[in-house]
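Structure assessment
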Amino acid sequence: MSNFLNPENSVMQFLARVCDYLILNVVFILSCIPIFTVGAALSALYTVSFKMIRKEDGYVLKRYFKAFCANFKQGTILWLICLILFFFLQYDGLIIGSMGGSMGQILSILFYTIILVLAAMFLYLWPILAYFVCTTKQVMKNALYMCLGHLPWTALLLLYFGLVWFIMTRSTLTLGIVMAVSMAGGFSLTAWITGKIFLKIFARYQPETSQTEEQQE
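Cut-offs applied
Residues numbered from 1 in each chain as written. Predicted model: local features only at pLDDT ≥ 70, side-chain atom pairs only at ≥ 80, totals over all residues. Heavy atoms only, no water. Patch = residues over 30% accessible without salt bridge, like charges linked within 9 Å, V, L, I, M, F, W, Y side chains within 5 Å. Areas by Shrake-Rupley, 256 points an atom, 1.4 Å probe, with all protein chains shown as cover. Salt bridge = Lys/Arg side-chain N within 4 Å of Asp/Glu carboxyl O. Helix = DSSP H or I, 4+ residues; strand = E, 2+ residues; numbered from the N terminus. Phe/Tyr/Trp six-rings, centres within 6.5 Å; stacked < 30°, edge-to-face > 60°. Buried < 20%, exposed > 50% of the residue type's maximum accessible area, 1.4 Å probe, protein only. Core = buried A, V, L, I, M, F, W, Y, C linked by side-chain atoms within 4.5 Å. Contact = heavy atoms within 4.5 Å. Axes fitted to C-alpha atoms, helices over the stretch in contact; angles between N-to-C directions. Parallel < 35°, antiparallel > 145°, perpendicular 65-115°, else oblique. Left-handed = near helix turned anticlockwise from the far one by under 90°. Nonpolar A, V, L, I, M, F, W, Y, C, P; charged D, E, K, R; others polar. Expected span 1.5 Å × (residues − 1).

**Some thoughts on a nonpolar patch on the surface**
On the surface, a nonpolar cluster with roughly 350 Å² of combined accessible area is contributed by Phe14, Leu15, Val18 and Leu22. By the element assignment, Leu22 lies in helix H1 (residues 10-32).

Next comes the structure, spelled out in structure tokens:
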């Protein structure tokens, strides 16, 4: 029994890690409530996830709020840009959707291609902000470069989130299930799954451009 309760026991370490991810999920949800803080919350979520994936010791809440504050300005700017683009593209989509003929079809193909690229960029923005030290403009440029430069990984990421979206929009029941899973730990689980992919991608770039431990601790 004493061996089971030993902090060095693999079972206890696993349970401690699960608790850390549950805490991370809760604090992420709470910090997203003001809506305009979603960008900073996403970057903080990935900052902590990266460290947990690398099995670095530390307090989840302390790391989260330090990363949240450090990336608040850039995260908020990027999030507001994303919201503006969303409403702009939604309006454009209505106009293009009302167009008929071959021109309407061509514009529709072009429109959805742009949507796909922007969706991929959106997925890369927050991990890049969490991992690298760069300006807001550089974050967007790097997101575009990486999502196009690592197409197999990008396709896998889009497939994962596309599958979640497909399940969520099937019915009220599936929507409720996805929301329940997300509230229980789905956000931190997603950050863990996708975080492993992003760390593989980022490992190909020069380490001196990444954030040092002193900056994030």
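**Observations regarding the pattern of salt bridges**
A complete count under the given rule lists 2 salt bridges for this structure. Across the salt bridge formed by Glu56 and Lys51, the nearest N and O atoms sit 3.6 Å from each other. A salt bridge links Glu56 to Arg54, with the nearest nitrogen and oxygen atoms 2.7 Å apart. One continuous salt-bridge network, built from bridges that share partners, spans Lys51, Arg54 and Glu56.

**Quick notes on the packing of aromatic side chains**
Enumeration according to the criterion identifies 20 aromatic pairs in this entry. For the pair Tyr64 and Phe68, a centre-to-centre distance of 6.3 Å together with 20 degrees between the ring planes defines the contact as stacked. Here Tyr64 pairs with Phe68, and both are found in helix H3 (residues 60-70), just 4 residues apart, close to one helical turn. According to the relative accessible area criterion, Tyr64 is buried, its value standing at 0%. Seen from their ring centres, Phe122 and Trp126 are 5.6 Å apart, and the 80 degrees between their planes marks the pair as edge-to-face. With Phe122 and Trp126 both in helix H5 (residues 101-131) and 4 residues apart, the pair spans about one turn of that helix. Members of the aromatic cluster, connected to one another through ring pairs, are Tyr46, Phe50, Tyr124, Tyr131, Phe132, Phe198 and Phe202.

**Focus: the nonpolar core**
Burial of nonpolar side chains together is a common tendency in soluble globular proteins. Ranked by internal contacts, the top residues of the largest apolar core, which has 46 residues, are Leu24, Tyr64, Tyr124, Ile128 and Phe202. Of all the secondary structure elements, the ones that give two or more residues to this core are H1, helix H2 (38-53), H3, helix H4 (72-97), H5, helix H6 (136-149) and helix H8 (172-202). For this core, the leading source of residues is H2, giving 11 residues. When sequence neighbours within four positions are dropped, the list of residues in contact with Tyr64 reads Leu24, Val27, Phe28, Ser31, Ala41, Ala44, Leu45 and Val48.

**Quick word on the packing of H2 against H4**
In the contact formed by H2 and H4, the axes pass within 6 Å of each other and the chain directions differ by 120 degrees. Overall, the two elements H2 and H4 adopt an arrangement that is oblique. Of the two elements, H2 crosses H4, and the hand of that crossing is right-handed. Contacts between H2 and H4 pair Val38, Gly39 and Ala40 from the former with Phe72, Gly75, Thr76 and Trp79 from the latter. Of the residues assigned to the contact of H2 with H4, the class counts are 4 nonpolar, 3 polar and no charged.

**Considering H4**
Spanning 26 residues, H4 covers 37 Å between terminal C-alpha atoms, matching the ideal 38 Å at 1.5 Å per step. Looking only at H4, the buried set comprises Gln74, Gly75, Thr76, Leu78, Trp79, Cys82, Leu89 and Ile96. Where H4 is buried, its residues meet H2, H5 and H6.

**Looking at unusual backbone geometry**
The phi dihedral of Ile35 is positive, around 70 degrees, even though this residue is not glycine. Notably, Lys55 is not glycine yet its phi reads approximately 60 degrees, a positive angle. Turning to its location among the elements, Lys55 is positioned in the loop between H2 and H3. Given the relative accessible area of 68%, Lys55 is considered exposed.

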